[in-house]
Amino acid sequence: MKKFFLFALAVIMLVACEQPKVTVLKLSENTLQMTVGDMDILEVEPNEAGVVWSSSNELVATVEDGIVTAVGVGYSTIRATLGSRYAECQVYVIGAKGETLSLTPAIVPLKKGDTYQYTYTSTYDVPLTWKSSNEEVATVSDAGLVTALKGGNTIITLSNGLEELTSRVAVEHTWGEYALVWSDEFDGATLNTQNWTIEVNGSGGGNQEKQYYTDRPENIRIENGNLVIEARKEEYNNREYTSARINSRDKQYFKYGKFEARIMFPKGGGTWPAFWTMGNDYSKVGWPKCGEIDIIEHVGNQPRMASFATHTPYKNGTKGNNWSSRSYLDGLEEEYHVYGIEWIEDDYNGMDRIHFTIDGERLATVMEDAEHVDDNYYWPFNKEHFIIINLALGGTMGGTIDDAIFDSPVLMKVDWVRVYQREEK
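To start, this report covers the structure provided alongside it.

The rules behind these values
- Residues numbered from 1 in each chain as written.
- Predicted model: local features only at pLDDT ≥ 70, side-chain atom pairs only at ≥ 80, totals over all residues.
- Heavy atoms only, no water.
- Helix = DSSP H or I, 4+ residues; strand = E, 2+ residues; numbered from the N terminus.
- Buried < 20%, exposed > 50% of the residue type's maximum accessible area, 1.4 Å probe, protein only.
- Contact = heavy atoms within 4.5 Å.
- Salt bridge = Lys/Arg side-chain N within 4 Å of Asp/Glu carboxyl O.
- Phe/Tyr/Trp six-rings, centres within 6.5 Å; stacked < 30°, edge-to-face > 60°.
- Lys NZ or Arg CZ within 6 Å of the ring centre and 35° of its normal.
- Pairing = 2+ DSSP bridges.
- Axes fitted to C-alpha atoms, helices over the stretch in contact; angles between N-to-C directions.
- Polar contact = N/O pair within 3.5 Å; in protein donor to acceptor, adjacent residues only side chain to side chain.
- Core = buried A, V, L, I, M, F, W, Y, C linked by side-chain atoms within 4.5 Å.
- 1 Å grid on protein atoms, 1.4 Å probe; cavity = no way out; pocket = protein on both sides within 12 Å on 5 of 7 lines; lining within 4 Å.
- Points joined across faces, edges and corners; volume = space filled by probe spheres on them.
- Nonpolar A, V, L, I, M, F, W, Y, C, P; charged D, E, K, R; others polar.

### Concerning the overall build of the protein chain
Here comes step 1: Assigned secondary structure in the protein chain consists of 3 helices and 36 strands.
Here comes step 2: Principal-axis analysis of the C-alpha atoms gives the protein chain an extent of 125 × 50 × 40 Å.
Here comes step 3: By the burial criterion, 46% of the 425 residues in the protein chain qualify as buried.
Here comes step 4: Here the analysis covers contacts within the protein chain between residues at least 6 apart in sequence; of these, 63% occur between residues at least 24 apart.

This is the structure in C-alpha cells:
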C-alpha cells in the first residue's frame with residue numbers, strides 16, 4: 001500500500017510538471033482613436049485558433065477577426081477572448097469635426113469666495129477628470145464646480161482620458177495700499193553704488209547712438225540733490241560725444257508695483273533721454289528675452305513727444321512690431337515731471353497690465369495677451385526688472401544732432417527714483 005501511494009504521488013507530480021504555462025493574452029493596441037467610417041486591425045498575441053472577438057457597443061464599433069470598424073460616435077470596448085484569457089482595447093470614435101468634449105467659457109473671472117459651475121458635454125460615456133493647476137487659487141469638483149480661494153490664475157482641465165480641454169479661472173486680487181519699498185533721493189555727495197552701476201562703453205544701446213558712456217564727473221555726478229547726466233561734444237575714444245548711463249542690475253530689481261522718477265529733460269536736437277527697465281535675467285537670456293519696458297523716452301527733435309514702449313521676443317524693435325504709444329504735451333523740456341508706470345499683476349481677467357503715467361495721469365496702457373498668459377515669450381513682465389537711466393545722442397530714435405545745443409550745458413536731471421508695491425489683503 002505504501003509503495004502504491006508513493007507511485008501515485010510521483011505520477012501526480014510528473015503530470016503537474018508537464019502542465020503548460022498559461023500565456024497572457026495581449027492586443028497590439030490598448031486604445032484606438034477613430035473617426036466614423038475608419039477601419040483598423042488589432043492583432044492578438046499569442047495568435048492561436050479559437051479567439052473570439054466582441055464589442056461592448058456595436059452601435060459605436062464592430063469587430064470581426066480583429067478588424068475594427070467605427071460606425072458611430074461614442075465609446076466601446078473591444079475584447080479578444082481565448083478560453084479563460086482575454087485582452088481589451090478601448091475604442092473612442094469621434095465625428096467628422098473631431099470633438100469629443102466641450103467646455104465653456106474659456107475664461108472665468110471670479111472674486112474670492114465665488115463659485116462657478118462649468119457648462120460641458122461629453123461624447124463618450126466614460127468617467128471625466130477635472131483638475132486645477134493651482135488649488136491655492138481655486139479648486140474644482142468632480143462635477144465641474146469651481147470655488148475661488150485666492151487672487152491669481154489657475155488652469156482648469158477637463159479630460160476623458162483621450163482628449164482634454166482647458167479653461168482659465170482668474171480670481172481677482174484684493175490689494176492693500178501702495179507703500180514705498182525703495183528709493184534713491186540722490187542726496188549724498190556721490191552716486192550710491194549699492195544701488196547703481198555706471199556703464200562705461202562706446203556701443204551705447206546698440207541703436208547707432210553717437211555718444212561714449214563714461215564714469216567721469218564731467219558726464220555724471222550728484223549735484224544739489226539731483227543725479228546729473230551731462231552730454232558733451234568732445235573727442236573721446238574715437239567718438240565725438242560723451243554722456244552717461246546707469247543701471248541697477250543685480251542690485252535693485254522689482255516685480256510689479258509703481259516705478260516713478262522725477263526728471264528734467266534737456267532740450268535740443270539729437271538728445272534722447274530715457275527712464276526704463278529690463279528683466280534682471282538679462283545676463284542669462286539676453287535681449288529681448290529679458291523684456292524691456294520704456295517708461296519714458298523723449299527726443300529733442302520732437303520737443304512735445306513722450307514715448308512709451310515695450311519689447312518682447314515676440315514683438316520688439318528689431319522686428320519693427322513692438323507695442324508703443326506716444327503723447328504730445330507742452331513743457332516736457334527743462335521742467336520737472338514725474339514719469340512712471342503702474343505695473344499690475346492679473347489686473348484684468350487675470351492678465352497683467354502696465355499703465356504709463358506722467359504726473360500721475362495715465363496716458364497709455366499695454367496688456368498681456370489673453371491667449372498667452374504667463375508665457376515669457378509673449379509677456380516677459382512677470383519677473384523682476386532693474387532700472388536704467390541714460391541720456392543718448394543721435395541714433396535711430398534720437399536723430400540728427402544739432403551741435404549748437406552744446407553752446408550751453410546739455411543736462412538731464414533726476415531728483416529721485418522711487419518704487420512702491422502693495423500686498424494682497
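### A closer look at the pattern of salt bridges
Here comes step 1: Applying the stated criterion across every chain yields a total of 19 salt bridges.
Here comes step 2: With a closest N to O distance of 3.0 Å, Glu199 and Arg245 form a salt bridge. Separated by 46 residues along the polypeptide, Glu199 in the loop between strand 20 (197-198) and strand 21 (211-213) and Arg245 in strand 25 (residues 245-247) bring together distant segments of the chain.
Here comes step 3: In this structure Arg245 comes out as buried when scored by relative accessible area, which is 9%.
Here comes step 4: Glu234 is the partner of Arg232 in a salt bridge, and the nearest nitrogen-oxygen pair spans 3.4 Å.

### So, the packing of aromatic side chains
Here comes step 1: For the coordinates displayed, the defined rule picks out 20 aromatic pairs.
Here comes step 2: Judged by centre distance (5.9 Å) and plane angle (25°), the ring pair of Tyr118 and Trp130 falls under stacked. Separated by 12 residues along the polypeptide, Tyr118 in the loop between strand 12 (115-117) and strand 13 (119-122) and Trp130 in strand 14 (residues 129-132) bring together distant segments of the chain.
Here comes step 3: Among the residues examined, Trp130 registers a relative accessible area of 8% and is labelled buried.
Here comes step 4: Members of the aromatic cluster, joined through ring pairs, are Trp182, Phe186, Trp196, Phe254, Tyr256, Phe259 and Trp343.
Here comes step 5: Taking the ring centre of Tyr86 as reference, the NZ or CZ of Arg79 above it sits at 3.9 Å.

### Structural notes on the sheet that holds strand 7 (residues 67-70)
Here comes step 1: The antiparallel open sheet is built from 3 strands, whose spatial order is 3-7-6. Because the sheet does not close on itself, it has two edges, and the strands there are strand 3 (39-41) and strand 6 (61-64). When the angles between neighbouring strand axes are averaged without regard to direction, this sheet yields 20°.
Here comes step 2: Relative to strand 7, strand 6 runs antiparallel, the two sharing 4 bridges. By the bridge assignment for strand 7, Val63 is matched with Val68.

### Considerations on the side chain of His173
Here comes step 1: Secondary-structure assignment places His173 in the loop between strand 18 (164-171) and strand 19 (179-184).
Here comes step 2: There is a polar contact of 2.8 Å between the side chain of His173 and the side chain of Asp346.

### Considering the nonpolar core
Here comes step 1: Ranked by internal contacts, the top residues of the largest apolar core, which has 47 residues, are Trp196, Leu227, Phe275, Ile354, Ile387, Ile389 and Val417.
Here comes step 2: Looking at this core element by element, the count peaks at 5 residues for strand 36 (residues 410-421).
Here comes step 3: Discounting residues that sit within four places of it in the chain, Val417 has contacts with Trp182, Ser183, Asp184, Phe186, Trp196, Glu260, Ala261, Phe275, Ile387 and Ile389.
Here comes step 4: In this structure, Leu27, Leu32, Val51 and Val91 belong to the second largest nonpolar core, which totals 20 residues.

### A look at unusual backbone geometry
Apart from glycine, the bulk of residues carry a negative phi angle, and the bulk of peptide bonds sit in the trans form.
Here comes step 1: In the segment running from Glu45 into Pro46, the intervening peptide bond is cis, with an omega of 0°.
Here comes step 2: By the secondary structure assignment, Pro46 is in the loop between strand 4 (44-45) and strand 5 (52-55).
Here comes step 3: Of the consecutive residues Thr104 and Pro105, the connecting peptide bond is found in the cis state with omega at -5°.
Here comes step 4: Within the secondary structure, Pro105 sits in the loop between strand 10 (101-104) and strand 11 (107-110).
Here comes step 5: Its identity as a non-glycine residue notwithstanding, Asn238 has a phi of 65°, on the positive side.
Here comes step 6: Tracing the chain through its elements places Asn238 in the loop between strand 23 (226-236) and strand 24 (239-243).
Here comes step 7: Given the relative accessible area of 81%, Asn238 is considered exposed.
Here comes step 8: Phi is positive for Asp250, which is not a glycine, with a value near 65°.
Here comes step 9: By the element assignment, Asp250 lies in the loop between strand 25 and strand 26 (253-254).

### Section: the layout of surface pockets
Here comes step 1: Here the largest pocket defines a volume of roughly 740 Å³.
Here comes step 2: Among the secondary structure elements, those contributing two or more residues to the lining of the largest pocket are strand 25, strand 28 (271-279), strand 29 (292-297), strand 30 (305-311), strand 31 (324-328), strand 35 (385-393) and helix 3 (395-398).
Here comes step 3: In terms of residues, the lining of the largest pocket owes the most to one element, strand 28, which gives 4 residues.
Here comes step 4: Considered class by class, the residues forming the lining of the largest pocket number 11 nonpolar, 13 polar and 8 charged.

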